[in-house]
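In case you want the letters, here they are:
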Amino acid sequence: MSTVTATATAVAPAWKPSVLGLGLRRTVLEIKLFNRDVLSLVLVLFFPILMLSLFGSVFGDEPAFGAGPNGEGGITPAHYYLPGLLALSTILSGFQNLSNYVATERFNGTVKRLAGTPLPAASYFLGKTGQTLYLIGAQTVLLLLAARFLFDVPLPADIGQWLLVGALMVLATAAWATMAIAFTSIPKSAQSASTLAVLPVLLLSFTSGVYFPFSQLPEWLQSVTNFFPLRWTASALRSVFLPAGFEAVEPGGEYAVPTTFLVLAVWAVAGAVLARFAFKWPPQK
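Residues numbered from 1 in each chain as written. Predicted model: local features only at pLDDT ≥ 70, side-chain atom pairs only at ≥ 80, totals over all residues. Heavy atoms only, no water.

## Some remarks on the overall build of the protein
Reasoning step 1: Along the backbone of the protein there are 11 helices and 0 strands.
Reasoning step 2: Shown N-terminal to C-terminal, the secondary structure of the protein runs as helices and strands in the order α-α-α-α-α-α-α-α-α-α-α.
Reasoning step 3: For the protein, contacts bridging at least 24 residues in sequence account for 76% of all contacts bridging at least 6.
Reasoning step 4: For the protein, the exposed surface amounts to about 14600 Å²; the carbon and sulfur share of it is 70%. (Helix = DSSP H or I, 4+ residues; strand = E, 2+ residues; numbered from the N terminus. Contact = heavy atoms within 4.5 Å. Areas by Shrake-Rupley, 256 points an atom, 1.4 Å probe, with all protein chains shown as cover.)

## Looking at the packing of helix α6 (residues 121-149) against helix α7 (residues 159-183)
A pair of packed helices can be characterised by two numbers: the angle between their axes and the separation between those axes.
Reasoning step 1: At a minimum axis separation of 10 Å, α6 and α7 run at an interaxial angle of 140°. Here α6 lies oblique to α7, going by the angle between them. The handedness of the crossing between α6 and α7 comes out as right-handed. Residues Phe 125, Thr 129, Thr 132, Leu 133, Ile 136, Thr 140 and Leu 144 of α6 form the contact with α7, whose own contacting residues are Trp 162, Met 169, Val 170, Thr 173, Ala 177 and Ile 181.
Reasoning step 2: Counted by class, the contact of α6 with α7 contains 9 nonpolar, 4 polar and no charged residues. (Axes fitted to C-alpha atoms, helices over the stretch in contact; angles between N-to-C directions. Parallel < 35°, antiparallel > 145°, perpendicular 65-115°, else oblique. Left-handed = near helix turned anticlockwise from the far one by under 90°. Nonpolar A, V, L, I, M, F, W, Y, C, P; charged D, E, K, R; others polar.)

## A few points about the packing of aromatic side chains
Reasoning step 1: Within this structure, the stated rule accounts for 14 aromatic pairs.
Reasoning step 2: Aromatic pair Phe 95 and Trp 176: ring centres 5.9 Å apart, planes at 65°, arrangement edge-to-face. Here Phe 95, found in helix α4 (residues 77-107), pairs with Trp 176, found in helix α7; they are 81 residues apart in sequence, far enough to count as distant. We note that Phe 95, like Trp 176, is buried.
Reasoning step 3: The structure contains a cluster of three or more aromatic residues connected by ring pairs, namely Phe 95, Trp 176, Phe 183, Phe 227, Phe 228 and Trp 267.
Reasoning step 4: Over the ring of Phe 214 we find Arg 231; its NZ or CZ atom is 4.7 Å from the centre of that ring. (Phe/Tyr/Trp six-rings, centres within 6.5 Å; stacked < 30°, edge-to-face > 60°. Buried < 20%, exposed > 50% of the residue type's maximum accessible area, 1.4 Å probe, protein only. Lys NZ or Arg CZ within 6 Å of the ring centre and 35° of its normal.)

## Describing a nonpolar patch on the surface
Reasoning step 1: A surface patch of nonpolar side chains, amounting to about 350 Å² of accessible area, comprises Val 19, Leu 20, Leu 24 and Leu 126.
Reasoning step 2: As for its position among the elements, Val 19 is in helix α2 (residues 19-36). (Patch = residues over 30% accessible without salt bridge, like charges linked within 9 Å, V, L, I, M, F, W, Y side chains within 5 Å. Salt bridge = Lys/Arg side-chain N within 4 Å of Asp/Glu carboxyl O.)

## Remarks on the packing of α4 against α6
Reasoning step 1: Close contact between α4 and α6 brings their axes to 10 Å; oriented N to C, the two are set at 150°. Between α4 and α6, the interaxial angle falls into the category roughly antiparallel. As for the relative orientation of α4 and α6, their crossing is right-handed in sense. Residues Leu 82, Leu 85, Leu 86, Ser 89, Thr 90, Ser 93, Gly 94, Leu 98, Tyr 101, Val 102 and Glu 105 of α4 touch α6, and the partners they reach there are Tyr 124, Phe 125, Lys 128, Gln 131, Thr 132, Leu 135, Ile 136, Gln 139, Thr 140, Leu 143, Leu 144 and Ala 147.
Reasoning step 2: Split by residue class, the contact of α4 with α6 holds 13 nonpolar, 8 polar and 2 charged.

Here it is, written out as C-alpha coordinates:
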(Lines give C-alpha, C1' and ligand atoms only; values in the text may rest on other atoms or scores of the structure.)
Protein backbone atom coordinates (compact mmCIF):
# COMPACT_ATOMS: atom_id res chain seq x y z
CA MET A 1 0.00 0.00 0.00
CA SER A 2 2.79 2.36 0.89
CA THR A 3 4.46 1.65 -2.45
CA VAL A 4 1.27 2.56 -4.33
CA THR A 5 0.91 5.73 -2.31
CA ALA A 6 4.50 6.72 -2.94
CA THR A 7 4.13 6.04 -6.65
CA ALA A 8 0.96 8.15 -6.89
CA THR A 9 2.64 10.96 -4.99
CA ALA A 10 5.61 10.90 -7.32
CA VAL A 11 3.49 11.29 -10.44
CA ALA A 12 4.23 14.65 -12.04
CA PRO A 13 1.37 17.11 -12.42
CA ALA A 14 -0.40 17.20 -15.77
CA TRP A 15 1.32 19.28 -18.42
CA LYS A 16 -0.24 22.66 -19.09
CA PRO A 17 0.28 24.70 -22.26
CA SER A 18 2.09 28.00 -21.92
CA VAL A 19 0.47 31.40 -22.27
CA LEU A 20 2.25 31.79 -25.61
CA GLY A 21 1.13 28.36 -26.77
CA LEU A 22 -2.48 29.12 -25.89
CA GLY A 23 -2.12 32.47 -27.60
CA LEU A 24 -0.98 30.79 -30.82
CA ARG A 25 -3.93 28.38 -30.65
CA ARG A 26 -6.24 31.29 -30.03
CA THR A 27 -4.75 33.08 -33.04
CA VAL A 28 -5.58 30.12 -35.30
CA LEU A 29 -9.14 30.07 -33.96
CA GLU A 30 -9.58 33.84 -34.39
CA ILE A 31 -8.39 33.63 -37.99
CA LYS A 32 -10.72 30.74 -38.78
CA LEU A 33 -13.68 32.58 -37.28
CA PHE A 34 -12.90 35.79 -39.15
CA ASN A 35 -12.43 33.98 -42.47
CA ARG A 36 -15.99 32.68 -42.19
CA ASP A 37 -17.29 36.26 -42.38
CA VAL A 38 -16.53 36.60 -46.08
CA LEU A 39 -17.98 40.10 -46.50
CA SER A 40 -15.95 41.58 -43.64
CA LEU A 41 -12.84 39.77 -44.85
CA VAL A 42 -13.17 41.17 -48.37
CA LEU A 43 -13.85 44.71 -47.14
CA VAL A 44 -10.87 44.68 -44.77
CA LEU A 45 -8.43 43.15 -47.25
CA PHE A 46 -9.38 45.21 -50.29
CA PHE A 47 -10.00 48.61 -48.69
CA PRO A 48 -6.38 49.79 -49.23
CA ILE A 49 -6.56 48.70 -52.88
CA LEU A 50 -9.81 50.62 -53.26
CA MET A 51 -8.13 53.74 -51.86
CA LEU A 52 -5.14 53.32 -54.16
CA SER A 53 -7.49 52.94 -57.14
CA LEU A 54 -9.36 56.06 -56.05
CA PHE A 55 -6.21 58.18 -55.93
CA GLY A 56 -5.03 56.76 -59.21
CA SER A 57 -8.35 57.68 -60.83
CA VAL A 58 -8.62 61.15 -59.32
CA PHE A 59 -5.06 62.25 -60.04
CA GLY A 60 -4.47 60.20 -63.19
CA ASP A 61 -1.68 57.78 -63.99
CA GLU A 62 0.88 60.26 -65.32
CA PRO A 63 4.04 61.15 -63.34
CA ALA A 64 3.04 64.25 -61.42
CA PHE A 65 4.56 64.09 -57.94
CA GLY A 66 8.10 65.46 -57.85
CA ALA A 67 8.20 66.36 -61.56
CA GLY A 68 10.54 69.15 -62.60
CA PRO A 69 9.45 72.52 -64.05
CA ASN A 70 9.82 71.06 -67.55
CA GLY A 71 7.49 68.21 -66.65
CA GLU A 72 10.22 65.57 -66.63
CA GLY A 73 10.79 63.09 -63.84
CA GLY A 74 8.38 62.55 -61.02
CA ILE A 75 6.31 59.54 -59.98
CA THR A 76 2.68 58.56 -60.41
CA PRO A 77 0.07 59.25 -57.70
CA ALA A 78 -0.24 55.50 -57.03
CA HIS A 79 3.51 55.32 -56.43
CA TYR A 80 3.44 58.29 -54.07
CA TYR A 81 0.45 57.12 -52.01
CA LEU A 82 1.54 53.48 -51.65
CA PRO A 83 3.70 53.87 -48.49
CA GLY A 84 1.10 56.09 -46.83
CA LEU A 85 -1.64 53.54 -47.42
CA LEU A 86 0.56 50.76 -46.04
CA ALA A 87 1.03 52.81 -42.90
CA LEU A 88 -2.69 53.57 -42.77
CA SER A 89 -3.52 49.86 -42.71
CA THR A 90 -1.68 49.50 -39.39
CA ILE A 91 -3.99 51.95 -37.61
CA LEU A 92 -7.13 50.76 -39.41
CA SER A 93 -6.65 47.09 -38.52
CA GLY A 94 -4.41 47.52 -35.50
CA PHE A 95 -6.52 50.12 -33.73
CA GLN A 96 -9.94 50.74 -35.27
CA ASN A 97 -10.88 47.19 -36.24
CA LEU A 98 -9.25 45.49 -33.25
CA SER A 99 -10.87 47.82 -30.73
CA ASN A 100 -14.24 47.13 -32.36
CA TYR A 101 -13.73 43.36 -32.17
CA VAL A 102 -12.67 43.40 -28.51
CA ALA A 103 -15.39 45.87 -27.49
CA THR A 104 -18.05 43.76 -29.20
CA GLU A 105 -16.91 40.64 -27.35
CA ARG A 106 -16.69 42.58 -24.13
CA PHE A 107 -20.32 43.68 -24.30
CA ASN A 108 -21.89 40.58 -25.86
CA GLY A 109 -20.61 38.37 -23.05
CA THR A 110 -17.85 36.55 -24.93
CA VAL A 111 -15.09 37.91 -22.71
CA LYS A 112 -17.03 37.01 -19.58
CA ARG A 113 -17.54 33.45 -20.80
CA LEU A 114 -13.87 33.08 -21.71
CA ALA A 115 -12.91 34.38 -18.27
CA GLY A 116 -14.73 31.37 -16.84
CA THR A 117 -12.34 29.04 -18.67
CA PRO A 118 -8.64 28.38 -17.97
CA LEU A 119 -7.70 30.69 -20.86
CA PRO A 120 -5.40 33.48 -19.54
CA ALA A 121 -6.23 37.04 -20.51
CA ALA A 122 -2.79 37.41 -22.11
CA SER A 123 -3.50 34.45 -24.43
CA TYR A 124 -6.80 36.01 -25.49
CA PHE A 125 -5.09 39.25 -26.44
CA LEU A 126 -2.25 37.40 -28.16
CA GLY A 127 -4.91 35.72 -30.26
CA LYS A 128 -6.49 39.04 -31.21
CA THR A 129 -3.09 40.55 -32.02
CA GLY A 130 -2.19 37.50 -34.09
CA GLN A 131 -5.42 37.84 -36.05
CA THR A 132 -4.60 41.51 -36.64
CA LEU A 133 -1.11 40.67 -37.90
CA TYR A 134 -2.65 38.12 -40.25
CA LEU A 135 -5.04 40.72 -41.68
CA ILE A 136 -2.37 43.38 -42.04
CA GLY A 137 0.01 40.89 -43.64
CA ALA A 138 -2.65 39.88 -46.16
CA GLN A 139 -3.55 43.53 -46.80
CA THR A 140 0.10 44.39 -47.37
CA VAL A 141 0.70 41.58 -49.85
CA LEU A 142 -2.47 42.32 -51.82
CA LEU A 143 -1.78 46.07 -51.90
CA LEU A 144 1.79 45.54 -53.10
CA LEU A 145 0.64 43.13 -55.81
CA ALA A 146 -2.02 45.60 -56.96
CA ALA A 147 0.48 48.45 -56.96
CA ARG A 148 2.97 46.47 -59.04
CA PHE A 149 0.70 44.79 -61.57
CA LEU A 150 -2.28 47.16 -61.79
CA PHE A 151 -0.55 50.52 -61.37
CA ASP A 152 3.00 49.65 -62.52
CA VAL A 153 4.59 50.91 -59.30
CA PRO A 154 8.26 49.85 -59.06
CA LEU A 155 9.05 47.86 -55.91
CA PRO A 156 12.43 47.60 -54.18
CA ALA A 157 14.69 44.68 -55.08
CA ASP A 158 16.89 44.85 -51.95
CA ILE A 159 16.05 42.20 -49.35
CA GLY A 160 17.16 44.62 -46.63
CA GLN A 161 14.45 47.05 -47.67
CA TRP A 162 11.82 44.33 -47.42
CA LEU A 163 13.06 43.36 -43.97
CA LEU A 164 12.68 47.02 -42.99
CA VAL A 165 9.10 47.04 -44.29
CA GLY A 166 8.28 43.88 -42.35
CA ALA A 167 9.77 45.21 -39.12
CA LEU A 168 7.92 48.51 -39.45
CA MET A 169 4.57 46.84 -40.13
CA VAL A 170 4.92 44.41 -37.22
CA LEU A 171 6.06 47.01 -34.70
CA ALA A 172 3.45 49.56 -35.81
CA THR A 173 0.76 46.89 -35.51
CA ALA A 174 1.95 46.01 -32.00
CA ALA A 175 1.86 49.67 -30.97
CA TRP A 176 -1.69 50.20 -32.25
CA ALA A 177 -2.95 46.83 -31.00
CA THR A 178 -1.88 47.43 -27.40
CA MET A 179 -3.44 50.89 -27.48
CA ALA A 180 -6.64 49.43 -28.95
CA ILE A 181 -6.94 46.98 -26.05
CA ALA A 182 -6.45 49.77 -23.53
CA PHE A 183 -8.93 51.96 -25.43
CA THR A 184 -11.73 49.40 -25.13
CA SER A 185 -12.00 50.15 -21.41
CA ILE A 186 -13.38 53.62 -22.23
CA PRO A 187 -16.61 53.02 -24.26
CA LYS A 188 -19.80 52.08 -22.45
CA SER A 189 -21.23 50.07 -25.36
CA ALA A 190 -20.11 48.34 -28.53
CA GLN A 191 -21.78 51.07 -30.60
CA SER A 192 -19.94 53.87 -28.83
CA ALA A 193 -16.66 51.96 -29.23
CA SER A 194 -17.16 51.86 -32.99
CA THR A 195 -17.90 55.59 -33.11
CA LEU A 196 -15.09 56.67 -30.81
CA ALA A 197 -12.47 54.59 -32.61
CA VAL A 198 -13.17 56.33 -35.93
CA LEU A 199 -12.33 59.81 -34.65
CA PRO A 200 -8.57 59.40 -33.97
CA VAL A 201 -8.16 57.40 -37.17
CA LEU A 202 -9.73 60.14 -39.28
CA LEU A 203 -7.79 62.92 -37.59
CA LEU A 204 -4.44 61.16 -37.79
CA SER A 205 -4.89 59.93 -41.36
CA PHE A 206 -5.25 63.53 -42.56
CA THR A 207 -2.45 64.94 -40.41
CA SER A 208 0.27 62.27 -40.67
CA GLY A 209 1.45 62.62 -44.25
CA VAL A 210 -0.72 59.84 -45.64
CA TYR A 211 -2.62 61.94 -48.17
CA PHE A 212 -0.29 64.92 -48.67
CA PRO A 213 3.22 65.99 -47.59
CA PHE A 214 3.55 66.24 -43.82
CA SER A 215 5.63 69.42 -44.12
CA GLN A 216 2.63 71.28 -45.58
CA LEU A 217 0.87 71.19 -42.20
CA PRO A 218 1.14 74.14 -39.79
CA GLU A 219 4.06 73.73 -37.40
CA TRP A 220 1.82 73.47 -34.34
CA LEU A 221 -0.12 70.62 -35.95
CA GLN A 222 3.11 68.89 -36.95
CA SER A 223 4.22 69.07 -33.31
CA VAL A 224 1.00 67.41 -32.16
CA THR A 225 1.04 64.69 -34.83
CA ASN A 226 4.73 63.95 -34.16
CA PHE A 227 3.57 62.40 -30.91
CA PHE A 228 1.72 59.57 -32.69
CA PRO A 229 3.07 56.50 -34.54
CA LEU A 230 1.28 56.94 -37.87
CA ARG A 231 3.30 59.97 -38.98
CA TRP A 232 6.58 58.14 -38.30
CA THR A 233 5.46 54.89 -39.90
CA ALA A 234 4.39 56.65 -43.11
CA SER A 235 7.67 58.56 -43.31
CA ALA A 236 9.83 55.48 -42.73
CA LEU A 237 7.92 53.52 -45.39
CA ARG A 238 8.41 56.36 -47.86
CA SER A 239 12.17 55.86 -47.38
CA VAL A 240 11.72 52.41 -48.92
CA PHE A 241 9.30 53.05 -51.76
CA LEU A 242 9.98 56.61 -52.96
CA PRO A 243 12.97 57.59 -55.13
CA ALA A 244 15.92 59.55 -53.80
CA GLY A 245 15.22 63.23 -53.32
CA PHE A 246 11.74 62.92 -51.84
CA GLU A 247 13.18 63.11 -48.33
CA ALA A 248 13.60 66.85 -48.95
CA VAL A 249 9.92 67.44 -48.12
CA GLU A 250 10.15 65.54 -44.83
CA PRO A 251 10.75 67.47 -41.59
CA GLY A 252 14.47 68.11 -41.33
CA GLY A 253 14.95 66.80 -44.86
CA GLU A 254 15.27 63.17 -43.70
CA TYR A 255 13.10 60.12 -43.05
CA ALA A 256 14.47 59.53 -39.52
CA VAL A 257 14.00 55.76 -39.59
CA PRO A 258 15.83 55.11 -36.26
CA THR A 259 13.55 57.62 -34.53
CA THR A 260 10.56 55.80 -36.01
CA PHE A 261 11.59 52.53 -34.37
CA LEU A 262 12.11 54.31 -31.06
CA VAL A 263 8.66 55.96 -31.21
CA LEU A 264 6.94 52.70 -32.15
CA ALA A 265 8.72 50.77 -29.39
CA VAL A 266 7.75 53.36 -26.77
CA TRP A 267 4.11 53.24 -27.89
CA ALA A 268 4.06 49.44 -27.88
CA VAL A 269 5.43 49.28 -24.33
CA ALA A 270 3.23 52.11 -23.06
CA GLY A 271 0.20 50.52 -24.70
CA ALA A 272 0.95 47.17 -23.09
CA VAL A 273 1.21 48.78 -19.66
CA LEU A 274 -2.02 50.71 -20.16
CA ALA A 275 -3.81 47.62 -21.44
CA ARG A 276 -2.64 45.66 -18.41
CA PHE A 277 -4.22 48.11 -15.97
CA ALA A 278 -7.11 49.51 -18.03
CA PHE A 279 -8.75 46.36 -19.40
CA LYS A 280 -10.33 44.36 -16.59
CA TRP A 281 -10.53 40.62 -17.26
CA PRO A 282 -13.62 39.38 -15.39
CA PRO A 283 -12.62 37.35 -12.30
CA GLN A 284 -13.03 33.59 -12.51
CA LYS A 285 -15.66 32.10 -10.25
